[in-house]
Structures are given as structure tokens and as C-alpha cells.
Amino acid sequence: MTAKASLFSTFWHMGRATLRWLISGWRIVLFGMLVLSLALSPATYQRENRHAIAYQIVLGTFQNLIWFSVLSSLVSLILIRIVVVTALSYGLSKYALEMVVRVLVLELIPLTAALFVALRRTLPDGVELAEMRRRGDLALLQQQGIDPIRREFFPRAVAGMFSVLMLAAVSCVLSLILAYLSIYGFTHWALPGYTRVVGQIFNPSVAMIFLLKTIFFSLAVSLSPMASSLYDTRDTPLHSRSKAANELAAMVRLFFVILLIEVASLMGNYY
């Protein structure tokens, strides 16, 4: 009897956890639809809102772009050197450039850009918005006739999307330049062959998967923390254990969604 009760309790908790995950996923979809409707609304781009959007974009991109570009360049140089030396040792030097582009540009840089923005910007923004809700700042804005979602949530979501796209684009260009210089040196004679190899790698299907993966990374990084701060903390006290559990669950959900996107892109590219 005790074993049956324990088994029933296990399935009960698993069912509740699954239901919470499904509800959280549905809330992320709802928040994404809300952000899309706000993006298409002319009222979103009034003077005060434009200032808030521009401020969040500059704040979320400028500092992250400098640090991430430096770090990604250093890591790229190390990985390029490892791949080139390994390929030379096995007599596969003609495949070194293709391996560098596929591993570094196609896979690692978009993933690290999304994780970098999540840890540096969007997850702290979600905590800040939850704190603002607890203090009553969002309610005060609403009493003043200001839509808190349009003034606080939407600019941060747009800034997160823009940051991921900008960091990934700049770092991919830098990595391609560093790969050329590391393999061929400071000469322009190898440029036609280099562009031909890169163009063969980025065929239409691979380029489309790469673009969609980066866009979905930016959406996941931006929408998941904002949706959690908007819905999950609405009726939850800040200092309760469930509040801390909600924040941890939001982080786990975000990393899980990023993992699913990465797995889907790998299947699209190599299967």
C-alpha cells in the first residue's frame, strides 16, 4: 500500500511539474504575441517610448558588444589554431577551413552570443522587472496613464533580440577574418579560394537554418525572462521559496529552449 501511494505521489508531482512547464511555455507564446502586437502598434513609437527603446538597445548592446567581441576573438584564435594544427598533423589541411567555419561560425558563436546576452542582460532584466512589480513601480506607472508593458517590458525585449543578433553578426565576421589571417596570412591572393569555400558551406539551406537559429535564439533569450517576470511573479511574494524556485525555473526553461533550438539546427544541417 505504501509503495502504491509513493508511486501515485511521484506521478502526481511529475504531472504537476509537466503542467507548470506547459503553462509557462504557453505564457511565453502569449508574451511573444503581445510583443508582436506592440511592435505593429504606432502608439508604441511615441517620443517617450522611442527614448526608452533606444536607451535599452544602447545599454544592452554597447557594453556587451565590446566584451563579447574581444572574448570571442581570443577564443576564435585559440580554436582556429587547434583545428589547423590538428588537421595538418593528420594530413587534412584542405579541410581545416571548412571545419573552422562549420564548428566556430555556424554552431558556437550564435550559441555563445545567446547565452552571453541571457546571463548579462535579459535574465537580470527579468529579475529587475519582478522587483519593480513587488515595489509597486509598475502599478504606479499604470496609475499615471503609462502602459508598463509598453514602457518597461517591450524595450527590454527588443534590446535583448537586437543584442543577440548584433553580437552574433559582428563575431561571425571577426571570426571569418581571423580564420583567413590565421590560415593564409596577410595576403590577398587566397581570397578567391577562401570566399569560394565559405560560399560552398553557406549554401541556401545552411544559410537559412543559420539565420533562423539566430533569430529563434534572440526570441528565446528575450521573451522567456520577460514572460516569467510578467506572469510568474504576479501573485508570488518576492521573499518566498516559490519565488526563488520560479526564477530558477525560468533559467532552466530558457536553457532548455536554447538546447532544443540547437539540436533542431544540427539535425537540419547534418541529417
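None of these values were measured; they are calculated from a predicted model.

**Q** Quick question: what am I supposed to make of helix H6 (residues 191–201) here?
**A** Turning to H6, its buried residues number three or more, namely Tyr-194, Val-198 and Ile-201. Down the axis of H6, the sector holding all buried residues measures 55°, keeping them to one side. Seen from the open side of H6, the exposed residues pointing more than 90 degrees away from its buried face are Pro-192, Arg-196 and Gln-200.

**Q** Teacher, can you tell me more about the packing of aromatic side chains here?
**A** Centre-to-centre distance and the angle between the planes together describe a pair of aromatic rings. On inspection of all chains with the given rule, the structure shows six aromatic pairs. Ring plane angle 50° and centroid distance 5.2 Å describe the contact between Phe-68 and Phe-116, whose orientation is recorded as tilted. Of this pair, Phe-68 sits in helix H2 (residues 47–89) while Phe-116 sits in helix H3 (residues 96–135), and the two are 48 residues apart along the sequence. A connected cluster of aromatic rings, assembled from ring pairs, spans Tyr-180, Tyr-184 and Tyr-194.

**Q** Quick question: what am I supposed to make of the nonpolar core here?
**A** Soluble globular proteins: nonpolar side chains tend toward being buried together. In terms of nonpolar packing, the biggest core is built from 21 residues, with Ile-80, Val-101, Ala-179 and Tyr-194 touching the most fellow members. Elements with a minimum of two residues in this core: H2, H3, helix H5 (148–184), H6 and helix H7 (204–232). Among the elements that make up this core, the one with the highest residue count is H3 (eight residues). The residues contacting Ala-179, other than those within four sequence positions of it, are Ile-80, Leu-97, Val-100 and Tyr-194. In this structure, Phe-31, Leu-138, Phe-154 and Leu-230 belong to the second largest nonpolar core, which totals 18 residues.

**Q** Got a minute to help me understand the pattern of salt bridges in this structure?
**A** If charged atoms from side chains of opposite charge come close, those side chains can pair. Enumeration over the complete set of coordinates arrives at 11 salt bridges. Glu-107 is the partner of Lys-213 in a salt bridge, and the nearest nitrogen-oxygen pair spans 3.2 Å. Of this pair, Lys-213 sits in helix H7 while Glu-107 is found in helix H3, placing the two residues 106 residues apart along the sequence. In this structure, Lys-213 and Glu-107 share a single accessibility class: buried. Residue Arg-135 is joined to Asp-137 by a salt bridge in which the shortest nitrogen-to-oxygen separation is 2.6 Å.

**Q** Please clarify how the side chain of Arg-121 should be interpreted in this entry.
**A** In this structure, Arg-121 sits in helix H3. Arg-121 sits in the buried class, given a relative accessible area of 13%. Reaching out from Arg-121, the side chain makes a polar contact with the side chain of Gln-56 at a distance of 2.7 Å. In this structure, Arg-121 is in contact with Gln-56, Leu-59, Gly-60, Asn-64 and Phe-116, ignoring residues within four places of it in sequence.

Cut-offs and rules
Residues numbered from 1 in each chain as written. Predicted model: local features only at pLDDT ≥ 70, side-chain atom pairs only at ≥ 80, totals over all residues. Heavy atoms only, no water. Buried < 20%, exposed > 50% of the residue type's maximum accessible area, 1.4 Å probe, protein only. Helix = DSSP H or I, 4+ residues; strand = E, 2+ residues; numbered from the N terminus. Arc of directions from axis to C-beta. Phe/Tyr/Trp six-rings, centres within 6.5 Å; stacked < 30°, edge-to-face > 60°. Core = buried A, V, L, I, M, F, W, Y, C linked by side-chain atoms within 4.5 Å. Contact = heavy atoms within 4.5 Å. Salt bridge = Lys/Arg side-chain N within 4 Å of Asp/Glu carboxyl O. Polar contact = N/O pair within 3.5 Å; in protein donor to acceptor, adjacent residues only side chain to side chain.

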